[in-house]
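Observations on chain architecture
The lines below spell out each chain.
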Amino acid sequence: MTPVSSKLYTDDVSLLVVLIDTNPFFWNSVKSNLPFSKFISHVLAFLNSILLVNQQNQVVVLATGHNSCDYVFDSSVAQSQNQRAEHLLQKLEEFVDKDESLCREESVDGQGFSLLSGSLSMALCYIQRVFRSGPLHPHPRILCLHGSPDGPGQYVAIMNSIFSAQRSMVPIDACVIGTQHSAFLQQASYITGGVYLKPQLLDGLFQYLSTVFATDLHSRAFLQLPKPAGVDFRASCFCHKNTIDMGYICSVCLSIFCKHQKKCSTCGSVFGQAQAQDSSTPPNPNPKRKTPMDA
Amino acid sequence: MSRQESSTNEGRKFKRGDEDEDDEEDGKGREAWERTYADERSWESLQEDESGLLRPIDNKTLYHAQYRRRLRTSTTTRIQKGLIRYLYIVIDLSRAAGETDYKPSRMVVVARQVEAFIREFFDQNPLSQIGLLTLKDGVANSLTDLGGSPESHIKALMGKLTSSGDASLQNGLDLVHSHLNQMPTYGHREVLILYSSLNTCDPSDIMETIQKCKASKIRCSVIGLSAELYICKYLCQETGGSYYVAVDEHHLKELVFEHAPPPPAIAEFAIANLIKMGFPQRAAEGVISICSCHKEAKVGGGYTCPRCKARICDLPTECQICGLTLVSSPHLARSYHHLFPITPFDDVAPSVSSDPRYLAKNCFGCQQTLLNPGNMPGSRVCCPKCKQYFCLDCDIYIHESLHNCPGCESFRHSKSNGTVEG
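Fair warning: this is a prediction, and the values are worked out from it, not measured in the lab.

Reading the values: rules and limits
Residue indices begin from 1 for each chain and proceed along its sequence in written order. By the order in which they are written, chains take letters starting at A while ligands take numbers starting at 1. Where local features are concerned, this predicted model is filtered to residues with pLDDT of at least 70; where side-chain atom pairs are given and counted, the filter is 80 or more; whole-chain, interface and lining totals use all residues. Derived side-chain values reflect all non-hydrogen atoms in the structure, with water molecules and hydrogen atoms excluded from consideration. UniProt positions are given in the numbering used here, feature names are shortened, and annotations may be inferred rather than shown by experiment. Numbering of helices and strands starts at the N terminus; helices are DSSP runs of H or I of at least 4 residues and strands are runs of E of at least 2. Contact definition: two residues touch when any of their heavy atoms are within 4.5 Å. Throughout, buried area stands for the accessible area (probe radius 1.4 Å) lost by two parts on being put together, summed over both. In what follows, salt bridge is the name for a side-chain nitrogen of Lys or Arg lying within 4 Å of a carboxyl oxygen of Asp or Glu. Think of a polar contact as two N or O atoms within 3.5 Å of one another; within protein, one of them needs to be a possible hydrogen donor and the other a possible acceptor, and neighboring residues in sequence only count if both atoms come from side chains. Ten residue types, Ala, Val, Leu, Ile, Met, Phe, Trp, Tyr, Cys and Pro, are classed as nonpolar, four, Asp, Glu, Lys and Arg, as charged, and the remainder, Gly among them, as polar. Pairing between strands is defined by DSSP: at least two bridges between them are needed. Values of pLDDT, which run from 0 to 100, indicate the predictor's confidence residue by residue. Here an angle of 0 to 180 degrees is reported between the N-to-C directions of two axes, which are lines fitted to C-alpha atoms, with helices fitted over the stretch in contact. Just so you know how the angles are binned, under 35 degrees is roughly parallel, over 145 roughly antiparallel, 65 to 115 roughly perpendicular, and the rest oblique. Cysteine sulfur pairs qualify as disulfides if the two atoms are within 2.5 Å. Burial classification: accessible surface area is computed with a 1.4 Å probe over protein chains only, and a residue below 20% of its type maximum counts as buried, one above 50% as exposed, and the rest as partly exposed. The start and end points of each domain follow an automatic or database-based domain assignment. Look down the strands so they point away from you; if going from the first strand over the helix to the second traces a clockwise path, that crossover is right-handed. Under the convention used throughout, the expected extent of a helix is 1.5 Å for every residue step, that is, one less than its residue count. Here, nonpolar core means buried Ala, Val, Leu, Ile, Met, Phe, Trp, Tyr and Cys residues that are tied together by side-chain atoms lying within 4.5 Å of each other. In this description, the arc belongs to the directions extending from the helix axis to the C-beta atoms.

**Some thoughts on the UniProt feature "domain: VWFA" (unreviewed entry) in chain B**
Mapped onto this numbering, the UniProt entry gives "domain: VWFA" (unreviewed entry) at residues 86–260 of chain B. With 39% helix and 24% strand, the stretch residues 86–260 of chain B has end C-alpha atoms that lie 12 Å from each other.

**Description of the interface of chain B and chain A**
Each partner contributes to the interface: chain B provides 68 residues, whereas chain A provides 76 residues. Between chain B and chain A the total buried area reaches about 6,600 Å² when both faces are included, carbon and sulfur atoms providing 56% of it. Among the residues chain B hides against chain A, the three largest losses belong to Leu-274, Phe-279 and Arg-412 of chain B. Together they make up 14% of the total. Between Arg-167 of chain A and Asp-123 of chain B there is a salt bridge whose closest N-O contact spans 2.5 Å. At the boundary of chain B with chain A, the tally comes to 18 residue pairs in polar contact (both at pLDDT 80 or more). Those elements giving two or more residues to the side of chain B that touches chain A turn out to be β5 (139–147), α6 (150–158), β9 (274–278), β10 (281–282), α11 (329–333), α12 (336–339), α13 (392–402) and α14 (406–409) of chain B. Sorting elements by how many residues they give to the side of chain B that touches chain A places α13 of chain B first, with 6 residues. Considering only residue class, the side of chain B that touches chain A consists of 33 nonpolar, 21 polar and 14 charged. Bridge count between strand β9 (residues 246–250) of chain A and β9 of chain B: 5 bridges; the pairing is antiparallel. Within β9 of chain B, the position partnered with Cys-250 of chain A by the bridge is Leu-274 of chain B.

**Regarding the confidence of the model for chain A**
With 84% of its residues at a pLDDT of 70 or more, chain A has an overall mean of 81. In this model, residues 274–295 of chain A is a region of pLDDT below 50 whose contacts with residues beyond four sequence positions or in other chains number 27 contacts.

**Concerning the packing of helix α5 (residues 155–167) of chain A against α13 of chain B**
At a minimum axis separation of 10 Å, α5 of chain A and α13 of chain B run at an interaxial angle of 100°. One finds that α5 of chain A runs roughly perpendicular with respect to α13 of chain B. Residue-level contacts link Asn-160, Ser-161, Ser-164 and Arg-167 of chain A of α5 of chain A to Tyr-397, Ser-401 and Leu-402 of chain B of α13 of chain B. Each residue belonging to the contact of α5 of chain A with α13 of chain B can be placed in one class, and the counts come to 2 nonpolar, 4 polar and 1 charged.

**Things to note about the state of the cysteines**
By definition, a disulfide links two cysteine residues through a covalent bond between their sulfur atoms. Residue and element names in this part refer to chain B. Counting across every chain of the model gives 0 disulfides over all chains. No disulfide involves Cys-322; its nearest neighbouring cysteine sulfur is the one of Cys-308, lying 3.7 Å away. Free cysteine Cys-408: the closest other cysteine sulfur is in Cys-405, separated by 3.5 Å.

**As for the environment of Ala-85 of chain A**
Residue and element names in this part refer to chain A. Looking at the secondary structure, you find Ala-85 in helix α3 (residues 84–106). A relative accessible area of 25% means that Ala-85 is categorised as partly exposed. It is 9.4 Å that separates the C-alpha atoms of Ala-85 and Leu-47, two residues lying 38 residues apart in sequence.

**Focus on the pattern of salt bridges**
Under the defined criterion, the tally for this structure stands at 17 salt bridges over all chains. Of the charged contacts in the structure, one is a salt bridge between Asp-173 of chain A and Arg-220 of chain A, with a shortest N-O distance of 2.5 Å. Residue Asp-173 of chain A is found in strand β5 (residues 172–176), and its partner Arg-220 of chain A is found in helix α8 (residues 217–220); the two are separated by 47 residues along the sequence. Just as Asp-173 of chain A is buried, Arg-220 of chain A falls in that class too. A salt bridge links Glu-249 of chain B to Arg-112 of chain B; the shortest N-O distance between them is 3.0 Å.

**Details of the domain arrangement of chain B**
Residue and element names in this part refer to chain B. Domains assigned within chain B are domain 1 (84–269), domain 2 (277–337) and domain 3 (346–421). Between the C-alpha centres of domain 1 and domain 2 the distance comes to 30 Å. With 5 residues of domain 1 at the interface, the matching set in domain 2 holds 8 residues. Contact between domain 1 and domain 2 buries roughly 560 Å² in total, counting both sides, with carbon and sulfur atoms accounting for 59%.

**Quick word on the sheet that holds strand β13 (residues 303–304) of chain B**
Ordered in space as β10-β13-β14 (chain B), the 3 strands form an open sheet in which the pairing is antiparallel. Looking along the sheet, the strands with just one partner apiece sit at the ends: β10 and β14 (311–312) of chain B.

**Quick word on the pairing of strand β3 (residues 85–92) of chain B**
Residue and element names in this part refer to chain B. By the criterion of burial, β3 is predominantly enclosed, with 8 of the 8 residues buried. Examined bridge by bridge, β3 and strand β4 (residues 129–136) share 7 bridges and lie parallel to one another. Across the sheet, Leu-87 pairs through a bridge with Ile-130, a residue of β4. As for the winding sense of the linkage, the β-α-β connection from β3 through helix α5 (residues 106–124) to β4 is right-handed.

**Some points on the domain arrangement of chain A**
Domain annotation for chain A reports domain 1 (8–233) and domain 2 (234–283). In this structure, domain 1 of chain A and domain 2 of chain A have C-alpha centres spaced 37 Å apart.

**A few points about α5 of chain A**
Residues and elements named next belong to chain A. Between the first and last C-alpha of α5 there are 18 Å, a value that for 13 residues agrees with the 18 Å anticipated at 1.5 Å per step. Within the sequence span of α5, burial applies to Ala-157, Ile-158, Met-159, Asn-160, Ser-161, Ile-162, Phe-163, Ser-164 and Ala-165. Once α5 ends, the next one or two residues include Met-169, with phi positive near 55°.

**Considering the nonpolar core**
Membership of the largest hydrophobic core comes to 113 residues, with the highest contact counts inside it found for Ile-142 of chain A together with Phe-390 of chain B. With 9 residues, the top contributor of residues to this core is helix α4 (residues 116–132) of chain A. In this structure Phe-390 of chain B touches Phe-345, Cys-363, Phe-364, Gly-365, Leu-370, Arg-380, Val-381, Cys-383, Ile-398, Cys-405, Pro-406 and Gly-407 of chain B, once residues within four positions along its chain are discounted. Counting 36 residues, the second largest nonpolar core, distinct from the first, contains Phe-26, Val-30, Val-43 and Leu-209 of chain A.

**As for the pairing of β9 of chain B**
Residue and element names in this part refer to chain B. The buried count for β9 comes to 5 of 5 residues, which makes it a mostly enclosed element. Side chains Leu-274, Lys-276 and Gly-278 project from β9 onto one buried face, and the interleaved Ile-275 and Met-277 project onto a second face that is buried too. Sheet analysis places β9 next to strand β16 (residues 325–326), joined by 2 bridges and oriented parallel. When the sheet's bridge partners are listed, Gly-278 is paired in β16 with Leu-326.

**With respect to helix α7 (residues 205–213) of chain A**
All names here are of chain A. Residues of α7 that are buried include every one of Leu-205, Leu-209, Val-212 and Phe-213, and no others. Down the axis of α7, the smallest arc covering the buried residues is 95°, so these residues share one side. Next to the buried residues of α7 lie α2 (36–53), β4 (139–146), β5, β6 (196–197) and α8.

**Digging into the sheet that holds β4 of chain A**
Residues and elements named next belong to chain A. Spatially, the 6 strands line up as an open sheet ordered β3-β2-β1-β4-β5-β6, and their pairing is mixed. Unpaired on one side and paired on the other, β3 (69–74) and β6 mark the two borders of the sheet. Bridging between β4 and β5 involves 5 bridges; their strand directions are parallel. Its bridge partner lying in β5, Cys-144 is registered against Ala-174. The sheet strands contacting α2 are β1 (14–21), β2 (58–64) and β4, and the helix crosses β1 at an angle near 175°.

**Some points on the UniProt feature "zinc finger region: C4-type" (unreviewed entry) in chain B**
With numbering matched to this structure, UniProt assigns "zinc finger region: C4-type" (unreviewed entry) to residues 305–322 of chain B. Split by type, residues 305–322 of chain B is 0% helix and 22% strand. Its first and last C-alpha atoms lie 9 Å apart.

Written out as structure tokens, the structure reads:
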């Protein structure tokens with residue numbers, strides 16, 4: 001175990017876990033705005049500034065690829081100080097090569113999303129290890145630098161990660177560098193109390209990163225950080241993938257349907273009668289209506 | 001059943017077994033500060049190693065073994081779960097709840113556990129509802145009605161902690177029955193009774209009440225704090241619940257928390273049904289409106305019922321105006337891990353891990369080294385699907401909180417299943 005517990009941590013020491021999106025399909029599509037090399041130089045400057053702000057700060061970088069995820073940098077592992085960037089870049093290059101080789105094997109049919117659920121899960125495992133290291137530990141947070149579109153198949157896994165992060169009070173910050181908003185990351189930062197930001201001008205990425213995401217959690221309380229704009233909490237139905245604001249839920253598996261069905265397509269339960277009518281008629285004013293709501 | 005760690009003052013009253021004899025002798029002349037040591041039994045957390053040195057018991061492998069047992073019992077097969085539950089917690093606040101064999105008293109300990117349980121319950125069952133009931137002076141009082149707000153339950157519970165009179169199991173069950181009987185049939189009706197007394201003081205035949213509960217498909221479970229009672233055992237057997245007697249506070253907590261994960265859905269207990277629900281949108285910031293739940297004007301925040309456009313402060317809830325169940329999609333997603341549990345990891349036998357070149361050196365999840373001091377392979381587990389190795393801590397975290405396998409999630413699922421390599 002790393003000798004983290006021997007250090008004396010104050011309330012402004014952070015552990016920043018950065019998830020970098022290395023999906024080649026995404027970077028290929030946005031080449032004109034912000035090439036990957038430029039993006040990495042912004043990120044490197046940002047990581048260095050995090051380590052400068054407080055010498056006890058710790059940075060861990062995970063690469064979120066198209067076919068795999070891996071750790072590429074951990075500042076707590078001993079290495080010479082002035083070769084941090086080289087070290088990171090070398091590992092990142094290895095990772096991208098490996099990711100690419102996995103890609104060729106499987107002949108992907110152009111699904112452009114990256115494996116955010118995997119890197120989020122790994123980041124949370126790492127953070128749990130820091131929690132276990134002793135009563136004094138740096139305050140962890142996760143920063144997702146993400147651009148690829150959301151992968152619909154990852155919904156359950158990402159939500160599981162979000163709830164686990166919420167339980168262990170780890171905020172998930174999100175900086176979206178793609179062209180469209182990410183509904184997953186909007187929910188992630190809303191539920192865990194992190195910051196969600198989609199920068200207008202990607203040329204100034206370093207400035208966005210350093211002004212919004214560099215401050216430790218304790219100091220955040222004193223800053224005016226971007227407020228979450230409307231987060232869409234409406235669900236989409238399983239049958240037509242429409243976004244609905246009223247629908248039917250299977251009482252056994254909680255699948256969402258936009259129309260009344262005879263049988264649940266997910267779990268195969270056969271539904272009883274007339275519940276739909278029951279709930280749409282105004283409820284009779286029975287005595288249990290007056291629930292004790294504390295004012 | 002008797003409690004192992006029953007307090008010393010009871011030890012003074014009754015003649016106990018031989019091994020307690022010297023304990024009892026000591027108990028008479030003990031000062032308060034000595035008693036704290038005797039009660040905590042701090043020596044039990046130490047063990048002697050081969051060289052005769054005292055060291056703390058290695059809890060890690062012990063915890064891990066315990067967790068494996070839990071895992072095996074819970075997620076052996078993919079079963080349907082009762083995700084919508086209506087649970088009444090009945091708390092015995094009779095004279096017996098004032099006993100101080102649990103420190104500081106039974107009712108305080110119970111209240112503390114119930115508070116933690118309520119939070120855990122709503123975390124795991126976001127669409128379910130809880131109600132609280134107390135048994136005191138031979139009558140049953142409704143503390144809170146069924147509702148989905150943990151804070152209001154906890155507030156009500158903490159305000160009412162006094163004990164007196166006798167407990168009446170029948171009155172409690174009758175009251176629960178009258179409340180639960182009007183709940184929709186797709187929900188699972190459950191009662192959890194935390195019973196301190198050794199008797200029940202009933203107005204009429206309790207057997208009839210038990211049959212009534214059975215007919216209404218109410219699953220009754222009892223956790224006793226003193227000793228086993230036939231009537232409780234009978235009640236649980238008849239209604240399909242579980243009956244346990246706690247030996248100490250830690251055990252009590254375990255028993256209470258066993259009721260937090262959703263029970264398997266039993267077809268005859270709850271009929272599958274489609275429930276109409278609304279997904280309200282968050283109201284725009286800075287808009288002033290009167291909320292329907294507190295009848296107060298509030299600025300910003302809040303949600304709008306999609307059917308009647310009433311303003312609601314919190315989700316999940318039932319619209320006060322039109323009665324529509326209102327949830328948000330994360331509430332539903334919170335329950336999905338019960339439906340798609342991840343496979344338990346396999347233990348890696350030390351003999352397999354003899355070739356150190358072949359095995360990964362670090363835990364795939366947290367990068368912690370998997371080697372014991374001296375470069376010997378330590379204990380580890382392996383995911384049967386993605387063949388990645390994990391440390392024991394990660395194993396527990398992954399199955400108890402995260403519900404994702406980082407290994408499976410970080411490799412694209414190929415159609416030709418299972419050929420991915422680390």
